[in-house]
Each structure stands twice: as C-alpha cells, then as structure tokens.
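Breakdown of the fold
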Amino acid sequence: MQLFLLQFLNGFQLSMLVFLLAVGLTLIFGLMNILNLAHGAFFTMGAYFGLIIAKATGSFWAALLIGPLLPFAAGFVLQFYVLQPLAERGRSTHLDLALLTFGLLFATAGAVEYLYGSSFYSIATPDLLKGRIAFLGIEYPTYRLFIIAAGISVAAALSLVIDRTLIGATLRAGVDNREMVTALGININVLFALVFGFGSALAGFAGVVAAPVMSIYSNMGIGIVVTTFVVVVVGGLGNLKGSFYASLIVGMTDTFSQAFFPEAELFAVYALLIAVMIIRPQGLFGAVGRLA
Amino acid sequence: MSAESLCHKDREFQSLKLSTFPDSRRASAALFVLTGAVVCALPSFASGYAMTLAVEVMIAGVFASGINLLIGYTGLVSLGQAMFLGLGGYGIAVGTALLGWPLWVSAPITLVVVAMIAAAIGAICTRTRGVEFLLITLAFSQMFYGAAIKLRWTNGSDGMSGIPRPDLSQLGLSAHSPVVFYYYILTVSALALLLLWRIVNSPFGSVLIGIRENERRVMSMGYAVANYKIGAFALSAVICAVAGILQAQYTYFVNPDSMSWQVSGEGVLMVIIGGTNVILGPFVGAAVFVVVKQALSLITDEYNLFFGIFFMLVVAFFRGGILGTLRTLIGKWR
C-alpha cells in the first residue's frame, strides 16, 4: 500500500510536469491551429534562463519568476513576426508551420550546446522545500509535492481564467469564430501572439520547476516533448480539460509500468496511445472531428 | 459549387494525374537522361571522395523517395519514416549476424517483415490526419528508437556491426571495392526509382494523388481510401527499409541513431528541398542536403544549430523546392 502511494505521488508529479507543457501546446493548437513542435525548446530555454537567474541572484524563486520571461518573449516573437506573417501569405498551411517549428527545436538545442556545451547542470532546491514530509506512513520529498501543487494551481487558475473572465471569453470566441472576434475590434494577431508567448512561458516555467529534480542539458526538451505529444493526442488536440486528464493517465501509466512491469516500461505509454487511436482516433476527450 | 467549377476541378485532377505540369515532361526526360549519363560514368573521372558523396546521396535519395510517396503523392506528412530506415538496417543485421541467414535470404525477409509492420502501424496512423498523423508517426518512431536503445540482443545503443555487403565473387567482383559498391548502390537506387515511378503512374498512384487533392471526393467515388493510405504507407516503408539496408551495408553497421526523429526530419527536409511530388525531387534534395551537411561539418561542430536554421529557412521560403521552382520557371518561359 505504501509502495502504491509512493508510486502514485511519483506519477502525479510527472503528470503535472507534463501537464504544464501539454496545456501550453494545447492552448496554442486550440487557438491558432499551429502544432508547435518547438515546445520542448521553450522548456529548455526556461530551464537555462532560470539557471542563469539562479546563479546571478542565488534565489530559486527569482529563477521561477523571471525564467519563463525569455520563453515568453521568444514565443511572442515567433508567432508575431514569423508564423503569423507566413500564415497570412497563405503559402504555409499549418503543417508547414509545424515543420518550421521542428527546425526551431533543433536550432535551439544546437544553440544551447554552442553556448553551454553538453554538460549537465542543476538548480539547487530552495531551502523552504528541502527535506521530506511524513504522512500516511510514508516520507515524501517536499519539492515533489511542490511540483504537484504547482501543476494543480496552474490548472485551476487556467480553468478559472478561461471560463470566468473576459480574456477567457475572448479566447473561446477566437477559437470558435476568428473573423467575428476581429470584427468586434479585437486585435487578434496581438492576442494570438500573447497566448503563444503565454504557452511558451508555461513550458519555460515547467523547465525551471523541473530543474531541481531533472538535469539541465541541451537536449532535455526533446525527450519530454514526445511524452507531451502523446498526452495531447490522447487528450484530443486542442482540448484543455482533456490535456489535464490525459497528463494524469499518461503520467500514471508511465510511472506504474516502470515500477511494477519494468520490461514493459518502454511500451506502456505507446501501447496506451495505440489503444486510444484504435478506439477513439480523435482522442479520449476530443469532440468528433469532421471528415476531410 | 457550380457545375462549371466542378468541371474545372475535374480537368485539374486529370492533368495532375498525368503530370502536374504538362510541358515539363520533355524537360524532365532530358534531365533524367543527362543525370543518368553523368551518374553512370562518374567512377571514370571522379575522385574517391566524390564517389563516397555520390553513394551517400543515392542512399539518402532512396530514403527521401520513400518519404515523397507519402508526403508528395498522398499528402500525408510523416515525421517517423526513420523507423523503417532503422528497421531495414536492423533487419539484415539480425538476419545475418544473429540468425546466420545469408544476405539474399535476410534482405527479402526484412522487406516483407517491414511491410507487415508498416501495414499494422499504417492502419493505426491513417485513422488520423494532418498534424495528428505527424504526431503519431513520430511517437511510433520514438518507440522503436527507444526499443533499439534498450534491447540487449541488438547491443543497445552501441548497435550492431559486421553487416555484410552482397557477395559478388561469382561475377569476379568484390563489393568492398568502392567502384563496385558504387554501381551496386546505383543499380538498387535505379530499381527503387523505377518501382516508385511505376507506382505513381499506376491507377493506384492516381488514387493516391486524388487523396492528396481531395480526399472526400475520392471517397465518394467509391474508393476505399483507408486501404489506399495503408498501402501507400507500407510501400513508403519498404522503400525506406531498402535505403536502410543500403545504409547499413555502406557503413558496415547499424545503430539506434538511424531511427531518431532527426533522421526523419532530414528525410522530410530533402523532399522539400528537391520539390514534393516530383519523382526525381528527393534525389536532388538529397544531393543538396548531403553537400551542405559535408560543407557544414568542415566549418563548424554545431551541426544541430545550422541544421535547424537551414530547415526553417527552407520551409519558410522555399516551399516549392528546386525542381518545383524549375518547373514553374519552364512553364513561364514557354
């Protein structure tokens, strides 16, 4: 039972980390119909910028606050000055844009390698979150509980903003009918770029949050982004609530298969993906898609 | 849609079936013959280095041609075709080294197995379209990549070495000689290209192009679209596996890196550089890519950085590809 609880918390922790990435990806896809394959790059960018800030100020909290700003700026610039103009020129369908971001993923990994080499770095766990907390007969690292709390807070805040505020209403309207939102006098390009930046900032936030438990290295984003892709496909592309539940399903599958069936570790997540594709190709929580 | 525009669409579809640009046929035939002559005579005047490059270009070209069948002709953008490149290499490695089969048994069995695996994967992947298809092919290739790294009986991330080249001793030749190996690669590439050309110009190929242009219409004409897509996926995989076999023979070894999604991306890039849905496009793209990669490796260690930037520039500004642009120019000039 204790082992189960421990693994459950590990799975929860992984789920929330993946959720922070998946929700940004989902937000961008749902609104702009752009599959941002470079999402992992923003994760890496956030972690490294966090590392710089942490070194300069000696504070994890400063890194957590300022770290995501670089991915935010990069995401905003990418959407406003690159993707949006290309989409408007009509030459590029959303598949082209996905391929462009694929190039960006490798360019960022390469740039990081150029600047920092292929060494591994880490940000120290803040004093406040050091140590373990004992409950229900187990001891669990406080920092990992913090990751879980961070994920849940972001999910709750996002669902509040999107369901209950004017910004949320505008976003939902933008998904449904872009022309109409523009006609109401909203500069949709700026709004889209802001959302793109915000999604990227969430990925960067995840990068800083992950830094004390994972190593920081140039290809760190490429590994986790594939898990994120599984999540968004399982949850249904563009479905925000789906991305939360799918993160939990994928994170738990991954953790529990590693703990109890180590041989199947590699395949469990993909087996899940295949099963979902066979039963519901549009994703577990997606609406039934239109044909062609 | 009015009757007139429907009629127009039909004519468009007809011309697509023959060749996207009618006038370009003679030009492309001339180009074909010219390239063929140069390529056949290459060993008589080129240096060993140029021949090595040419071998790399042809192998990459076969791989990219397999991808082009999916991207260019069927309109399905896959970012996972490297898994079949790797499976081809691993197939003959397992067949010859672990099971002790001769190469001429291992290679056909590898292709048959890859076709069956690809049909199964294709049946799952083609249930989605667009970016979801791209994501799920990527996930599958990552699964094989992960498996290749973990599996102990294929030496994990070290890979397998000692891949045999074909035994040509009965002809009095040795495939270890660069010239003989060059002609071996040339023959296989030409056969692969011929196969692809036959596929594209067959009724089957026309249906694939129809799916690319208007899937719903092809469906309403009574074609089993899903089966055609799966067929295209499997054929594409087999051609990629052929490239994988050649690649493994060229380097005498195979390792998991041949299945990474960067390799898939490189294949897609070659297709885009050369021009999608042009039969020779992937080979032109492969030539540009291999030469650029060589040049980059001479001046910098940061291959990833420049690969990424190069990729972005090509996608952003050069969507038609070299042959696509050429074809448009010829069309304007006439």
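Scoring rules and cut-offs
- Residues numbered from 1 in each chain as written.
- Chains lettered and ligands numbered in written order.
- Predicted model: local features only at pLDDT ≥ 70, side-chain atom pairs only at ≥ 80, totals over all residues.
- Helix = DSSP H or I, 4+ residues; strand = E, 2+ residues; numbered from the N terminus.
- Rg over C-alpha atoms; globule rule 2.2 N^0.38 Å.
- Contact = placed C-beta atoms within 7 Å.
- Buried ≥ 20, exposed ≤ 12 C-beta atoms within 10 Å, placed from the backbone.
- Expected span 1.5 Å × (residues − 1).
- Nonpolar A, V, L, I, M, F, W, Y, C, P; charged D, E, K, R; others polar.
- pLDDT = per-residue confidence, 0-100.
- Pairing = 2+ DSSP bridges.
- Axes fitted to C-alpha atoms, helices over the stretch in contact; angles between N-to-C directions.
- Parallel < 35°, antiparallel > 145°, perpendicular 65-115°, else oblique.
- Left-handed = near helix turned anticlockwise from the far one by under 90°.

Per the secondary structure count, chain A includes 12 helices and two strands. Of the regular secondary structure in chain A, the N- to C-terminal order runs α-α-α-α-α-β-β-α-α-α-α-α-α-α. In terms of overall size, chain A behaves like a compact globule, its C-alpha atoms giving a radius of gyration of 19 Å where 292 residues would be expected to give roughly 19 Å. The C-alpha extent of chain A, read off along each of the three principal axes, is 60 × 50 × 35 Å. Looking at chain A alone, contacts between residues at least 24 apart form 77% of all its contacts between residues at least 6 apart.

Secondary structure summary: chain B contains 13 helices and two strands in total. Here chain B has a C-alpha radius of gyration of 20 Å; the compact-globule value for 334 residues is 20 Å, and the two agree. When its C-alpha atoms are laid out on the principal axes, chain B stretches across 65 × 45 × 45 Å. For chain B, buried positions account for 48% of its 334 residues. Partitioning the contacts of chain B with sequence separation of at least 6, the portion at a separation of at least 24 is 76%.

Looking now at helix 6 (residues 142-164) of chain A. Residue and element names in this part refer to chain A. Along its 23 residues, helix 6 runs 32 Å from first to last C-alpha, staying within 8% of the 33 Å computed at 1.5 Å per residue. Three or more residues of helix 6 are buried, namely Arg144, Ile147, Gly151 and Val154. Turning to helix 6, the residues buried within the fold contact helix 1 (2-32), strand 2 (138-141) and helix 9 (188-210).

Taken together, the contact pairs 35 residues of chain A with 33 residues of chain B. Where the side of chain A that touches chain B is concerned, the elements lending two or more residues are helix 5 (94-116), helix 10 (220-235) and helix 12 (265-279) of chain A. Tallied by class, residues from the side of chain A that touches chain B come to 29 nonpolar, three polar and three charged.

This part covers the confidence of the model for chain A. Summary statistics for chain A give a mean pLDDT of 84 and a share of 96% for residues scoring 70 or more. Within chain A, no element has a lower average pLDDT than strand 1 (residues 132-135) of chain A, which sits at 79, and none a higher one than helix 9 of chain A, at 91.

On to helix 10 of chain A, then. All names here are of chain A. Taking 1.5 Å per residue as the helical rise, helix 10 with its 16 residues ought to reach 22 Å, and the 23 Å between its terminal C-alpha atoms agrees with that figure. Most of helix 10 sits out of view: 15 of its 16 residues are buried. One or two steps after helix 10, the chain reaches Gly236, where phi turns positive at roughly 95 degrees.

Turning to the confidence of the model for chain B, a few remarks are in order. Residues and elements named next belong to chain B. Looking at chain B as a whole, its pLDDT mean stands at 83, while 91% of the residues score no less than 70. No element of chain B has a lower mean pLDDT than helix 1 (residues 3-18), at 43, and none a higher one than helix 9 (residues 225-251), at 94. Note on residues 1-21: pLDDT under 50 across the span, and 13 contacts to partners over four residues away in sequence or across chains. The complex model carries a pTM of 0.84, and its ipTM stands at 0.79.

Let us now look at the environment of Ile330 of chain B. You can see Ile330 of chain B is positioned in helix 13 (residues 321-333). Along the primary structure Ile330 of chain B and Leu186 of chain B are separated by 144 residues, whereas in three dimensions their C-alpha atoms are 29 Å apart.

Attention shifts here to the pairing of strand 2 of chain A. All names here are of chain A. Of the pairings in the sheet, the one linking strand 1 to strand 2 comprises four bridges and is antiparallel in character. Residue Arg132 lies in a different strand from strand 2, and its bridge partner there is Pro141. Counting the residues between successive antiparallel strands, the hairpin from strand 1 to strand 2 contains two residues, one of them, Leu136, with a positive phi of roughly 50 degrees.

Moving on, we come to the environment of Gln142 of chain B. Inspection of the secondary structure puts Gln142 of chain B in helix 6 (residues 131-150). As for Gln142 of chain B and Leu195 of chain B, which are separated by 53 residues in sequence, their C-alpha atoms are 29 Å apart. Setting aside chain neighbours within four positions, we find Gln142 of chain B in contact with Val226 of chain A together with Trp261 of chain B.

Residue and element names in this part refer to chain B. Running from N to C, helix 4 (residues 82-98) and helix 9 cross one another at 55 degrees; their axes reach a closest spacing of 6 Å. In terms of axis orientation, helix 4 runs oblique to helix 9. Considering the relative orientation of helix 4 and helix 9, their crossing is right-handed. Judged by residue contacts, Phe84, Leu85, Gly86, Leu87, Gly88, Gly89, Gly91, Ile92 and Ala93 of helix 4 engage Ala237, Cys240, Ala241, Val242, Ala243, Gly244, Ile245, Gln247 and Ala248 from helix 9.

What follows deals with the packing of helix 3 (residues 48-74) of chain B against helix 11 (residues 281-299) of chain B. Residue and element names in this part refer to chain B. Interhelical geometry of helix 3 versus helix 11 gives an angle of 130 degrees and a closest axis separation of 7 Å. Between helix 3 and helix 11, the angle falls in the class oblique. Crossing of helix 3 against helix 11: the hand is right-handed. Across from Leu53, Glu56, Val57, Ala60, Gly61, Ala64, Ser65 and Asn68 in helix 3, the residues of helix 11 making contact are Gly281, Pro282, Phe283, Gly285, Ala286, Ala287, Phe289, Val290 and Gln294.

Residue and element names in this part refer to chain B. Structurally, Val254 is set in strand 2 (residues 253-254). Once the C-alpha coordinates of Val254 and Gly130 are considered, the two residues, 124 residues apart in sequence, prove to be 31 Å apart. Look past the residues within four positions of Val254 in its chain and what remains in contact with it is Gly89, Tyr90, Ala93, Gly159, Met160, Ile163 and Ala248.

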